[in-house]
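Listed below are the residues making up each chain.
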Amino acid sequence: MSKPDELLVDVAALVESGQSNQMSLTVVTGGAVITGRLASEAVWRRRVSEVLTDSDRLGEFSAVFGTPATNRPPTHLHFHVARILQGTVGIPETGGMYRVAIEDVSAWTVGDFSYSDH
């Protein structure tokens, strides 16, 4: 098991504290590049729960995304409005919700990437 990047843990802790919800980040994990904006775990879980509740087939899973335990160091990054970069496109185009284990991040940078046809 790898040791999580302490600086990245500090960034995640600041987002978790509710002091910032505007932090854009790009990470490399498992060979994938994910870019987007970070959210606190509670906000992320609430949004995923809302999406599942609105689904005819997946509504029963919404309760799994209840409020997380508090007072612990962050172990995951919670992306919203995020894309997996593949070639010259981001998937999905509108952005998605991704949860990434901090210990699995092999590289990262502040900011997000977007593409332009110009």
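Our subject in this report is the structure included herewith. In this numbering scheme, every chain counts its residues from 1 along its sequence in written order. Where totals are concerned, whole chains, interfaces and linings use all residues; where local detail is concerned, this predicted model gives features only for residues with pLDDT of at least 70, and gives and counts side-chain atom pairs only at 80 or more. Computation of side-chain values: all heavy atoms of the structure, hydrogens and water removed.

Another point: the overall build of the protein chain. Only runs of H or I of at least four residues qualify as helices and only runs of E of at least two qualify as strands under DSSP, and these elements are numbered from the N terminus. Looking only at helices and strands, the protein chain features two helices and five strands. With the radius of gyration taken over C-alpha atoms, the globule rule is written as 2.2 Å times the number of residues to the power 0.38. Scaling as 2.2 N^0.38, a compact globule of 118 residues should have a C-alpha radius of gyration of about 13 Å, and the protein chain matches this with 15 Å. In terms of principal-axis extent, the alpha carbons of the protein chain reach across some 40 × 35 × 30 Å. Sequence separation of 24 or more characterises 63% of the internal contacts of the protein chain that already satisfy a separation of 6 or more. Accessibility throughout is a Shrake-Rupley quantity obtained with a 1.4 Å probe, and a residue counts as covered only by protein chains that appear here. Accessible area of the protein chain: about 7,600 Å², with a carbon and sulfur share of 53%. Across the protein chain, 9 positive and 14 negative side-chain charges occur, with their mean positions spaced 4 Å apart. It only takes one pair of heavy atoms within 4.5 Å for two residues to be counted as in contact. Only four residue types enter the tally: Lys and Arg on the positive side, Asp and Glu on the negative side; His and the chain ends are excluded. For this purpose, a charge sits on NZ of Lys, CZ of Arg, CG of Asp or CD of Glu.

It is worth spelling out the sheet that holds strand β4 (residues 89-101) at this point. Strands were regarded as paired on the criterion that DSSP finds at least two bridges between them. One open sheet holds the five strands; their spatial order is β4-β3-β2-β1-β5, and the pairing between them is antiparallel. Unpaired on one side and paired on the other, β4 and β5 (105-110) mark the two borders of the sheet. Mean inter-strand twist for the sheet, computed between neighbouring axes without regard to direction, equals 35 degrees. Each axis is a line fitted through C-alpha atoms, and for a helix only the stretch in contact is used; angles between axes span 0 to 180 degrees, taken between their N-to-C directions.

Everything listed is a geometric property; what it means functionally is a separate question.
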